[in-house]
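So you can see what is in the structure, the chains are spelled out below.
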Amino acid sequence: MTERTPRAVAVSTWWQLWPVLSMAGSTPLRPGAAMLALEVGGEVALRLRYRIADDGRSLRTWPDDPPSSDARVPSVLLGQDSTTSELDVWFERRDLDDEDLPLAHAALAPSAPAQWHLDPPPGPEGAIIGGLAELLSRSIESEPALLAEDAEVLLLPGILDDGAPADLVQPSWHARRGGALLRLLERPPLRRQEDDGIRARWGEVHDASHPYAAHGTVIWWPGTVRWWGGGMVPGVDEPLALSSLRPAERLLAERLEQDPAFD
(Lines give C-alpha, C1' and ligand atoms only; values in the text may rest on other atoms or scores of the structure.)
Protein backbone atom coordinates (compact mmCIF):
# COMPACT_ATOMS: atom_id res chain seq x y z
CA MET A 1 0.00 0.00 0.00
CA THR A 2 1.39 3.41 -0.99
CA GLU A 3 1.45 5.96 1.80
CA ARG A 4 0.34 9.45 0.93
CA THR A 5 2.38 12.38 2.16
CA PRO A 6 0.12 14.95 3.86
CA ARG A 7 -0.02 18.16 1.89
CA ALA A 8 1.05 21.34 3.64
CA VAL A 9 -1.84 23.55 4.79
CA ALA A 10 -1.51 27.31 5.31
CA VAL A 11 -3.90 30.23 5.86
CA SER A 12 -3.50 33.92 5.03
CA THR A 13 -5.79 36.66 6.34
CA TRP A 14 -6.52 40.30 5.45
CA TRP A 15 -8.46 42.92 7.40
CA GLN A 16 -9.78 46.41 6.58
CA LEU A 17 -11.31 48.69 9.22
CA TRP A 18 -14.49 50.64 8.41
CA PRO A 19 -15.52 54.09 9.68
CA VAL A 20 -18.01 54.36 12.54
CA LEU A 21 -20.54 56.91 13.76
CA SER A 22 -19.03 57.22 17.21
CA MET A 23 -15.61 56.58 18.72
CA ALA A 24 -17.23 55.42 21.95
CA GLY A 25 -18.15 51.94 20.76
CA SER A 26 -19.07 49.30 23.31
CA THR A 27 -19.36 46.22 21.05
CA PRO A 28 -16.72 43.46 21.08
CA LEU A 29 -15.88 43.62 17.35
CA ARG A 30 -15.27 46.64 15.15
CA PRO A 31 -16.97 46.68 11.73
CA GLY A 32 -14.83 45.99 8.70
CA ALA A 33 -14.06 43.76 5.73
CA ALA A 34 -12.03 40.57 6.01
CA MET A 35 -10.74 37.82 3.76
CA LEU A 36 -9.23 34.41 4.42
CA ALA A 37 -7.38 32.24 1.90
CA LEU A 38 -6.69 28.55 2.52
CA GLU A 39 -3.73 27.00 0.71
CA VAL A 40 -3.30 23.24 0.43
CA GLY A 41 -0.11 21.93 -1.13
CA GLY A 42 0.88 25.45 -2.19
CA GLU A 43 -2.35 26.09 -4.13
CA VAL A 44 -5.31 28.21 -3.06
CA ALA A 45 -8.14 25.81 -2.24
CA LEU A 46 -10.67 28.25 -0.77
CA ARG A 47 -11.20 31.98 -0.32
CA LEU A 48 -13.71 33.29 2.19
CA ARG A 49 -14.81 36.92 2.19
CA TYR A 50 -16.50 38.38 5.25
CA ARG A 51 -17.86 41.55 6.74
CA ILE A 52 -18.03 42.24 10.45
CA ALA A 53 -21.49 43.72 10.90
CA ASP A 54 -22.27 46.84 12.90
CA ASP A 55 -23.85 44.83 15.70
CA GLY A 56 -20.25 44.14 16.74
CA ARG A 57 -20.96 40.44 17.21
CA SER A 58 -21.46 38.96 13.72
CA LEU A 59 -19.01 37.64 11.13
CA ARG A 60 -21.07 37.41 7.93
CA THR A 61 -20.17 36.41 4.39
CA TRP A 62 -19.84 39.12 1.75
CA PRO A 63 -22.97 39.60 -0.41
CA ASP A 64 -23.32 36.85 -3.03
CA ASP A 65 -20.27 35.07 -1.63
CA PRO A 66 -21.44 31.98 0.28
CA PRO A 67 -18.82 29.36 1.15
CA SER A 68 -18.31 26.62 -1.44
CA SER A 69 -20.95 23.93 -1.10
CA ASP A 70 -18.31 21.23 -0.63
CA ALA A 71 -16.31 23.19 1.94
CA ARG A 72 -16.92 22.50 5.60
CA VAL A 73 -16.62 26.09 6.74
CA PRO A 74 -17.07 26.63 10.47
CA SER A 75 -19.49 29.20 11.85
CA VAL A 76 -18.52 31.65 14.59
CA LEU A 77 -20.47 32.28 17.78
CA LEU A 78 -19.46 34.90 20.34
CA GLY A 79 -20.18 34.00 23.93
CA GLN A 80 -22.12 36.33 26.20
CA ASP A 81 -18.94 37.00 28.21
CA SER A 82 -17.22 38.66 25.23
CA THR A 83 -16.04 42.24 25.86
CA THR A 84 -14.16 44.93 23.95
CA SER A 85 -10.88 43.53 25.30
CA GLU A 86 -11.45 39.76 25.21
CA LEU A 87 -13.61 37.46 23.10
CA ASP A 88 -15.14 34.16 24.14
CA VAL A 89 -15.56 32.36 20.81
CA TRP A 90 -17.04 29.03 19.75
CA PHE A 91 -16.40 27.57 16.30
CA GLU A 92 -19.12 25.18 15.18
CA ARG A 93 -20.31 23.14 12.20
CA ARG A 94 -23.79 21.91 11.37
CA ASP A 95 -23.77 18.09 11.24
CA LEU A 96 -25.88 15.72 9.14
CA ASP A 97 -28.65 15.78 11.77
CA ASP A 98 -28.82 19.58 11.52
CA GLU A 99 -27.27 19.95 14.95
CA ASP A 100 -24.46 22.37 15.82
CA LEU A 101 -21.23 20.44 16.45
CA PRO A 102 -18.61 22.31 18.55
CA LEU A 103 -15.22 22.20 16.84
CA ALA A 104 -13.13 24.59 18.93
CA HIS A 105 -13.44 27.09 21.78
CA ALA A 106 -11.03 29.95 22.45
CA ALA A 107 -10.43 33.12 24.41
CA LEU A 108 -9.06 35.84 22.12
CA ALA A 109 -7.36 39.08 23.13
CA PRO A 110 -5.52 41.79 21.17
CA SER A 111 -1.88 41.05 20.27
CA ALA A 112 -1.92 37.74 22.13
CA PRO A 113 -1.97 34.08 21.06
CA ALA A 114 -5.34 32.37 21.19
CA GLN A 115 -6.02 30.51 24.42
CA TRP A 116 -7.71 27.31 23.29
CA HIS A 117 -10.13 25.64 25.70
CA LEU A 118 -11.03 23.15 22.96
CA ASP A 119 -8.29 22.72 20.33
CA PRO A 120 -9.20 22.98 16.63
CA PRO A 121 -9.29 19.73 14.67
CA PRO A 122 -6.29 18.86 12.47
CA GLY A 123 -6.21 19.54 8.74
CA PRO A 124 -7.80 22.26 6.61
CA GLU A 125 -10.80 22.74 8.89
CA GLY A 126 -8.57 23.49 11.84
CA ALA A 127 -6.46 25.84 9.71
CA ILE A 128 -9.60 27.79 8.76
CA ILE A 129 -10.53 28.06 12.44
CA GLY A 130 -7.05 29.39 13.20
CA GLY A 131 -7.45 31.99 10.45
CA LEU A 132 -10.86 33.05 11.74
CA ALA A 133 -9.42 33.41 15.23
CA GLU A 134 -6.68 35.66 13.82
CA LEU A 135 -9.24 37.86 12.04
CA LEU A 136 -11.34 38.21 15.19
CA SER A 137 -8.28 39.11 17.26
CA ARG A 138 -7.36 41.82 14.77
CA SER A 139 -10.87 43.24 15.04
CA ILE A 140 -10.37 44.01 18.73
CA GLU A 141 -6.82 45.35 18.47
CA SER A 142 -6.12 48.83 19.78
CA GLU A 143 -5.80 50.48 16.34
CA PRO A 144 -7.96 53.65 16.43
CA ALA A 145 -11.28 53.42 14.61
CA LEU A 146 -12.09 55.77 11.74
CA LEU A 147 -14.76 58.38 12.41
CA ALA A 148 -17.21 58.85 9.54
CA GLU A 149 -17.37 62.51 8.56
CA ASP A 150 -20.81 64.08 8.21
CA ALA A 151 -22.00 64.79 4.64
CA GLU A 152 -19.09 62.82 3.16
CA VAL A 153 -18.79 59.53 1.27
CA LEU A 154 -15.70 57.39 1.81
CA LEU A 155 -14.71 54.83 -0.82
CA LEU A 156 -12.47 52.04 0.45
CA PRO A 157 -10.77 50.02 -2.30
CA GLY A 158 -11.17 46.71 -0.50
CA ILE A 159 -8.93 43.67 -0.13
CA LEU A 160 -7.18 41.72 -2.86
CA ASP A 161 -4.45 39.18 -2.32
CA ASP A 162 -1.79 38.51 -4.95
CA GLY A 163 -3.01 36.33 -7.76
CA ALA A 164 -6.71 36.49 -6.90
CA PRO A 165 -9.22 37.46 -9.61
CA ALA A 166 -9.94 41.18 -9.66
CA ASP A 167 -13.65 40.58 -9.08
CA LEU A 168 -12.87 39.24 -5.60
CA VAL A 169 -11.84 42.69 -4.36
CA GLN A 170 -14.20 44.10 -1.72
CA PRO A 171 -14.82 47.79 -2.46
CA SER A 172 -17.15 49.50 0.00
CA TRP A 173 -18.75 52.95 0.17
CA HIS A 174 -19.61 54.61 3.49
CA ALA A 175 -21.99 57.59 3.48
CA ARG A 176 -22.94 59.57 6.57
CA ARG A 177 -25.61 62.22 6.83
CA GLY A 178 -26.38 63.31 10.37
CA GLY A 179 -27.04 60.24 12.51
CA ALA A 180 -27.39 57.85 9.56
CA LEU A 181 -24.48 55.79 8.21
CA LEU A 182 -24.98 53.64 5.11
CA ARG A 183 -22.55 51.04 3.79
CA LEU A 184 -22.63 49.93 0.17
CA LEU A 185 -20.87 46.58 -0.32
CA GLU A 186 -19.98 45.97 -3.97
CA ARG A 187 -20.67 42.72 -5.76
CA PRO A 188 -18.71 41.64 -8.87
CA PRO A 189 -19.46 44.17 -11.65
CA LEU A 190 -21.81 43.47 -14.53
CA ARG A 191 -19.68 42.95 -17.64
CA ARG A 192 -20.25 43.23 -21.39
CA GLN A 193 -20.17 39.94 -23.27
CA GLU A 194 -18.37 41.30 -26.31
CA ASP A 195 -15.23 42.62 -24.57
CA ASP A 196 -15.64 41.77 -20.85
CA GLY A 197 -15.60 45.49 -20.01
CA ILE A 198 -17.58 46.84 -17.08
CA ARG A 199 -21.14 47.70 -18.09
CA ALA A 200 -22.35 48.65 -14.62
CA ARG A 201 -21.47 48.26 -10.97
CA TRP A 202 -23.83 47.15 -8.26
CA GLY A 203 -23.98 46.29 -4.59
CA GLU A 204 -25.94 45.77 -1.42
CA VAL A 205 -26.70 48.66 0.94
CA HIS A 206 -26.65 48.20 4.72
CA ASP A 207 -27.75 50.62 7.41
CA ALA A 208 -25.29 50.68 10.32
CA SER A 209 -28.24 51.07 12.71
CA HIS A 210 -29.98 47.94 11.37
CA PRO A 211 -27.18 45.47 10.54
CA TYR A 212 -29.24 42.28 10.23
CA ALA A 213 -31.01 42.96 6.92
CA ALA A 214 -30.06 44.55 3.62
CA HIS A 215 -31.27 48.14 3.30
CA GLY A 216 -31.47 47.99 -0.48
CA THR A 217 -29.77 47.27 -3.81
CA VAL A 218 -28.07 49.82 -6.07
CA ILE A 219 -26.95 49.53 -9.71
CA TRP A 220 -25.04 52.38 -11.31
CA TRP A 221 -23.17 53.38 -14.46
CA PRO A 222 -21.84 56.78 -15.61
CA GLY A 223 -24.39 59.47 -14.75
CA THR A 224 -27.12 56.98 -13.77
CA VAL A 225 -28.11 55.40 -10.45
CA ARG A 226 -30.94 52.91 -9.90
CA TRP A 227 -32.02 52.29 -6.29
CA TRP A 228 -34.27 49.54 -4.92
CA GLY A 229 -35.28 49.49 -1.26
CA GLY A 230 -35.04 46.53 1.10
CA GLY A 231 -37.26 43.66 -0.06
CA MET A 232 -37.47 45.02 -3.62
CA VAL A 233 -36.08 42.99 -6.54
CA PRO A 234 -34.24 44.60 -9.51
CA GLY A 235 -35.84 43.56 -12.79
CA VAL A 236 -39.13 42.80 -11.02
CA ASP A 237 -39.86 46.00 -9.07
CA GLU A 238 -39.49 49.51 -10.43
CA PRO A 239 -36.56 51.41 -8.86
CA LEU A 240 -37.30 54.20 -6.43
CA ALA A 241 -37.32 57.79 -7.62
CA LEU A 242 -34.09 59.39 -6.45
CA SER A 243 -36.11 62.37 -5.22
CA SER A 244 -37.81 60.04 -2.70
CA LEU A 245 -34.57 58.89 -1.09
CA ARG A 246 -33.62 59.87 2.43
CA PRO A 247 -30.72 62.33 2.94
CA ALA A 248 -28.00 59.68 3.45
CA GLU A 249 -29.32 57.69 0.48
CA ARG A 250 -29.32 60.78 -1.76
CA LEU A 251 -25.78 61.63 -0.65
CA LEU A 252 -24.58 58.17 -1.67
CA ALA A 253 -26.51 58.18 -4.96
CA GLU A 254 -25.04 61.56 -5.95
CA ARG A 255 -21.55 60.27 -5.25
CA LEU A 256 -22.11 57.11 -7.29
CA GLU A 257 -23.07 59.20 -10.31
CA GLN A 258 -19.45 60.39 -10.28
CA ASP A 259 -17.84 57.00 -9.65
CA PRO A 260 -14.13 57.32 -10.58
CA ALA A 261 -14.09 53.67 -11.71
CA PHE A 262 -15.75 54.78 -14.95
CA ASP A 263 -13.30 57.62 -15.68
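That block above? That's the structure.
Keep in mind the model is a prediction, meaning the values are calculated, not measured.

## Notes on the side chain of Arg93
- Counting through the fold element by element, Arg93 comes out in strand β7 (residues 87–94).
- Judged by relative accessible area, Arg93 falls into the buried class, the value being 12%.
- A polar atom in the side chain of Arg93 sits 2.6 Å from the side chain of Glu125.

## So, the pattern of salt bridges
- Counted according to the given criterion, the structure contains six salt bridges.
- Put simply, Asp54 and Arg183 hold a salt bridge, and the shortest N to O gap is 2.7 Å. Note that Asp54 is positioned in the loop between β4 (43–52) and β5 (59–61) and Arg183 in strand β13 (residues 180–186), a separation of 129 residues in sequence.
- Here Asp54 falls in the partly exposed class, since its relative accessible area comes to 23%.

## Considerations on the nonpolar core
- Leu87 and Phe91 are the most contacted members of the largest nonpolar core, which has 29 residues in total.
- Only β1 (9–17), β3 (32–40), β4, β7, β8 (100–108) and α1 (124–139) provide two or more residues apiece to this core.
- Ranked by residue count, the leading element in this core is α1, at seven residues.
- Sequence-distant contacts of Phe91, defined by excluding residues within four places in its chain, comprise Ser75, Val76, Leu101, Pro102, Leu103, Ala104, Trp116, Ile129, Leu132, Ala133 and Leu136.
- One finds Ala175, Trp220, Leu245 and Leu252 within the second-largest nonpolar core, a separate group that totals 16 residues.

## What to know about the sheet that holds strand β6 (residues 75–78)
- On the basis of which strands lie adjacent, the open sheet formed by four strands has the order β6-β7-β8-β9 and antiparallel pairing. Here the strands that pair on one side only, and so sit at the sheet edges, are β6 and β9 (115–118). Direction aside, the axes of adjacent strands within the sheet are offset by 30° on average.
- Here four bridges tie β6 to β7, and the two strands are oriented antiparallel to one another. Bridging from a neighbouring strand, Leu78 pairs with Val89 of β7.

Criteria and thresholds
Residues numbered from 1 in each chain as written. Predicted model: local features only at pLDDT ≥ 70, side-chain atom pairs only at ≥ 80, totals over all residues. Heavy atoms only, no water. Helix = DSSP H or I, 4+ residues; strand = E, 2+ residues; numbered from the N terminus. Buried < 20%, exposed > 50% of the residue type's maximum accessible area, 1.4 Å probe, protein only. Polar contact = N/O pair within 3.5 Å; in protein donor to acceptor, adjacent residues only side chain to side chain. Salt bridge = Lys/Arg side-chain N within 4 Å of Asp/Glu carboxyl O. Core = buried A, V, L, I, M, F, W, Y, C linked by side-chain atoms within 4.5 Å. Contact = heavy atoms within 4.5 Å. Pairing = 2+ DSSP bridges. Axes fitted to C-alpha atoms, helices over the stretch in contact; angles between N-to-C directions.

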